[in-house]
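# Coordinate inspection notes
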Amino acid sequence: MVSTSDPLIGPAAGRLTGPLVRALGLPRPRVLRREAGPYRRDELHGRQLVLAAMPGGHAADPARGLLQALGASLVLESELTSDATPRIDIAVFDATGCREVAALSQLRSFFAPLLRRLAPCAKLLLLAPCPLDAARISPEAAAAAQGIEGFVRSLAKELGRSHAATVNALQVPAGTVGGLLGPLRFFCSSRSAYVSGRILRLDAGLGAPAAPDVPMIPGRLRECLAVVTGAARGLGAATAERLAEEGARVLCIDVPSAEPHLRELARRIQGDALSLDITSAAAPTVLCDWLHQHPGMAVDVLVHNAGITRDRSLFKMSEAEWSQVMAVNLQAILAIDAALDRADLLAPGAREICLSSISGIAGNAGQTNYAASKSALIGYVAARSTQLASRGATINA
């Protein structure tokens with residue numbers, strides 16, 4: 001699938017309109033390749049892969065096995081000198097052995113020659129050490145690990161403009177390679193078309209090792225229950241539809257005023273509708289009662305999507321405008337989670353997702369209430385993650 005939703009894509013590429021777009025100084029957006037529908041067993045079929053490693057790394061061999069099992073075709077570095085070599089779709093570099101500042105030069109040595117061979121919308125991924133872990137080795141090791149982050153963020157901006165490519169890093173501490181499948185499948189496929197310059201850390205104990213010859217089972221969420229709040233429209237509805245595509249039974253929740261849209265969505269995806277104001281005192285009990293009325297329906301996926309804005313400068317903001325945003329965006333989440341924990345209704349290995357906002361990180365004028373709620377949500381997620389880890393469950397914002 002190719003995304004062409006930007007209205008400038010056509011004019012920028014046109015023989016007559018292209019010069020006008022350039023003369024006006026308008027951006028020239030690139031066409032991004034995207035994937036739709038459920039994950040496939042051969043997600044990377046037909047993609048050309050180059051993979052290399054620094055000495056002392058521990059992630060290259062497992063990554064190679066998983067990527068090839070997903071359908072990628074390995075191109076040897078020795079073959080890159082041939083003009084007949086296909087364009088490279090995926091480049092993965094294992095830098096987990098980077099412990100000296102001098103070793104950072106290997107990033108340039110690997111990636112620079114590849115740039116002229118990259119296919120449009122190529123995926124570049126660094127498997128990296130974590131600076132905090134590296135600090136236990138030496139200050140220089142921590143500096144080298146941190147240097148990888150700067151390299152990734154800068155190269156992402158370069159290649160986003162020139163190749164519509166993505167560049168990301170995954171920190172892979174020793175002992176976590178068993179959880180590589182999900183991140184590799186996402187970052188090396190066109191599902192990550194809009195994700196670039198990101199640095200993520202893989203945690204231990206949260207993913208069972210996957211057999212390289214069985215990287216994914218179609219309908220992988222079959223017999224799982226997913227709960228999505230704010231599901232009647234927009235992002236919530238799209239999330240519910242996507243989870244249903246992967247085989248999940250989806251419980252769609254939204255306010256009573258959205259009930260017609262909610263029930264239509266539930267009918268379309270063969271899910272369930274629960275008309276509920278999540279800010280009401282009774283909401284957590286109502287949700288738990290619904291789950292108890294459906295034996296075996298512990299929550300496998302919980303998406304806290306519901307959110308509102310009541311934007312106004314702080315000087316003019318009323319107490320109601322502050323309180324409404326806090327109630328929906330934050331307090332309802334805490335109350336629902338607490339009720340599910342007390343009733344032991346989160347399944348082992350559950351996945352919880354809370355939708356935060358860049359406003360919660362950078363702030364935004366007229367959004368002191370919204371930014372405070374979303375920033376608080378990030379802090380809540382960080383703390384709750386340690387509580388859920390003992391059950392093999394995760395939470396992310």
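The structure under discussion appears in the preceding block.
To keep things clear, this report deals only with the structure shown in the data block. Just so we're clear, the structure is a prediction, and the values are computed from it rather than from any experiment.

Quick notes on the rules
- Position numbers for residues start from 1 in each chain and track the written sequence from start to end.
- Local features in this predicted model are restricted to residues whose pLDDT is 70 or higher, and side-chain atom pairs enter the listing and the counts only when it is 80 or higher, whereas totals over whole chains, interfaces and linings include all residues.
- No hydrogens and no water enter the side-chain calculation; it runs on all heavy atoms of the structure.
- Every helix listed is a DSSP run of H or I at least four residues long, and every strand listed is a run of E at least two residues long, numbered separately from the N terminus.
- Two things to know: the radius of gyration comes from C-alpha atoms, and the globule rule equals 2.2 Å times the number of residues to the power 0.38.
- Partly exposed residues are those whose accessible area sits between 20% and 50% of the maximum for their type, while under 20% is buried and over 50% is exposed, using a 1.4 Å probe and protein chains only.
- Whether two residues are in contact is decided by their heavy atoms: any pair within 4.5 Å suffices.
- Computed with a 1.4 Å probe, the accessible areas rest on the Shrake-Rupley method; for each residue, only the protein chains presented here act as cover.
- Think of a 1 Å grid over just the protein atoms. A cavity is a set of points where a 1.4 Å probe fits yet cannot get out, a pocket is an open set with protein on both sides within 12 Å along at least five of seven lines, and lining residues have an atom within 4 Å of a point.
- Grid points are joined across faces, edges and corners, and a volume is the space filled by probe spheres set on the points.
- Residue classes follow a fixed rule: Ala, Val, Leu, Ile, Met, Phe, Trp, Tyr, Cys and Pro count as nonpolar, while Asp, Glu, Lys and Arg count as charged, and any other residue, Gly among them, counts as polar.
- Any Phe, Tyr or Trp ring, taking Trp's six-membered ring, that has another such ring centre within 6.5 Å forms a pair; planes under 30 degrees apart are called stacked, those over 60 apart edge-to-face, and the others tilted.
- A ring is considered to have a charge above it if a Lys NZ or an Arg CZ atom is located within 6 Å of its centre and within 35 degrees of its normal.
- Excluding any residue in a salt bridge, patches collect residues exceeding 30% relative accessible area, merging like charges within 9 Å and nonpolar Val, Leu, Ile, Met, Phe, Trp and Tyr side chains within 5 Å.
- Here a salt bridge means any side-chain nitrogen of Lys or Arg lying within 4 Å of a carboxyl oxygen belonging to Asp or Glu.
- In this description, strands pair whenever DSSP reports at least two bridges between them.
- Axis definition: a line fitted to C-alpha atoms, limited for helices to the stretch in contact. Angles are taken between N-to-C directions and run from 0 to 180 degrees.
- By definition in this entry, angles of less than 35 degrees are roughly parallel, angles greater than 145 are roughly antiparallel, angles of 65 to 115 are roughly perpendicular, and the rest are oblique.
- Crossings are classed by handedness, with left-handed meaning an anticlockwise turn of the near helix from the far one by less than a right angle and right-handed meaning a clockwise turn.

### Details of the overall build of the chain
What the chain contains, in helices and strands, is 13 helices and 14 strands. By the compact-globule yardstick of 21 Å for 397 residues, the chain fits well, its C-alpha radius of gyration being 23 Å. Seen through its C-alpha atoms, the chain measures out along the principal axes to roughly 65 × 55 × 45 Å. Looking at the chain as a whole, 46% of its 397 residues are labelled buried. The contacts in the chain between residues at least 6 apart in sequence include a share of 72% that link residues at least 24 apart. On the chain, roughly 19100 Å² of surface is accessible, and the fraction owed to carbon and sulfur atoms is 56%.

### A closer look at the layout of surface pockets
In this approach the atoms are scanned with a rolling probe the size of a water molecule, which exposes any empty space left behind. The computed volume of the second largest pocket comes to approximately 290 Å³. As for the second largest pocket, its lining consists of 18 residues, of which Gly-230, Ala-306, Gly-307, Ile-308 and Val-328 are closest to the centre. Residue assignment for the lining of the second largest pocket shows that the elements contributing at least two residues are β10 (249–254) and α13 (368–389). Taken together, the residues of the lining of the second largest pocket sort by class into 10 nonpolar, 5 polar and 3 charged.

### Digging into the packing of aromatic side chains
This model, assessed by the stated rule, comprises 5 aromatic pairs. Aromatic pair Phe-186 and Phe-187: ring centres 5.3 Å apart, planes at 65°, arrangement edge-to-face. Looking at Phe-187, the relative accessible area reads 4%, which means it is buried. What links up through ring pairs into an aromatic cluster is the set Phe-93, Phe-110, Phe-111 and Phe-151. In this structure, Arg-185 is placed above the aromatic ring of Tyr-39, and the distance from its NZ or CZ to the ring centre is 4.6 Å. The side chain of Arg-191 reaches across the aromatic face of Tyr-39, ending 4.2 Å from its centre.

### Quick look at a nonpolar patch on the surface
A cluster of nonpolar side chains, contributed by Leu-20, Leu-24 and Leu-26, occupies part of the molecular surface with about 290 Å² of accessible area. In this fold, Leu-24 is placed in the loop between α2 (17–23) and β2 (32–33). Take Leu-24: its relative accessible area is 57%, and that puts it in the exposed class.

### Some thoughts on the sheet that holds strand β4 (residues 73–74)
Strand order in the open sheet made by the 6 strands is β4-β3-β5-β6-β7-β8, with parallel pairing throughout. In this open sheet, the two edge strands, each paired with only one partner strand, are β4 and β8 (199–201). As defined by bridge partners, strand β3 (residues 48–53) adjoins β4 across 2 bridges and the pair is classed as parallel. Bridge pairing links Gln-48 to Ser-73 in β4.

### Describing the packing of helix α8 (residues 234–245) against helix α9 (residues 259–269)
Their axes nearest at 10 Å, the elements α8 and α9 cross at an angle of 15°. Classified by the angle their axes make, α8 and α9 are roughly parallel. Judged by the twist between their axes, the crossing of α8 over α9 is right-handed. Together, Ala-237, Ala-240, Glu-241 and Ala-244 of α8 and Leu-265, Arg-268 and Ile-269 of α9 make up the contact between the two elements.

### Section: the pattern of salt bridges
Side-chain pairs of opposite charge can arise whenever the charged atoms involved come near each other. By the definition in use, this model includes 22 salt bridges. Among the ionic pairs, Glu-264 bridges to Arg-267, the shortest N-O distance being 2.6 Å. Of this pair, Glu-264 and Arg-267 both sit in helix α9, 3 residues apart, which is roughly one turn of that helix. For Glu-264, the salt bridge goes to Arg-268, with nearest N and O atoms at 3.8 Å. Taken as a pair, Glu-264 and Arg-268 lie in helix α9 at a separation of 4 residues, close to a single helical turn. When its relative accessible area of 34% is taken as the criterion, Glu-264 is described as partly exposed. Assessed through its relative accessible area of 43%, Arg-268 is described here as partly exposed. By sharing partners, the salt bridges in this structure join Asp-337, Asp-341, Glu-352, Arg-384 and Arg-391 into a single network.

### Digging into the side chain of Glu-149
Note that Glu-149 resides in helix α6 (residues 139–163). On the accessibility criterion, Glu-149 (14% relative accessible area) is buried. For Glu-149, the residues in contact, after removing those within four places along its chain, are Pro-131, Gln-171 and Ile-199.

### Some details on the sheet that holds strand β12 (residues 299–304)
If you trace the 6 strands from one edge of the open sheet to the other, you get β11-β10-β9-β12-β13-β14, paired in parallel fashion. Looking at which strands have only one partner, the edges of the open sheet turn out to be β11 (272–275) and β14 (394–396). Recorded for the sheet is a direction-independent mean angle of 15° between the axes of neighbouring strands. With 3 bridges joining them, strand β13 (residues 346–354) and β14 adopt parallel strand pairing. Looking at the pairing, Arg-351 lines up with Thr-394 of β14. On top of the sheet, α13 reaches β13 and β14; it is set at about 170° to β14, its chief contact.

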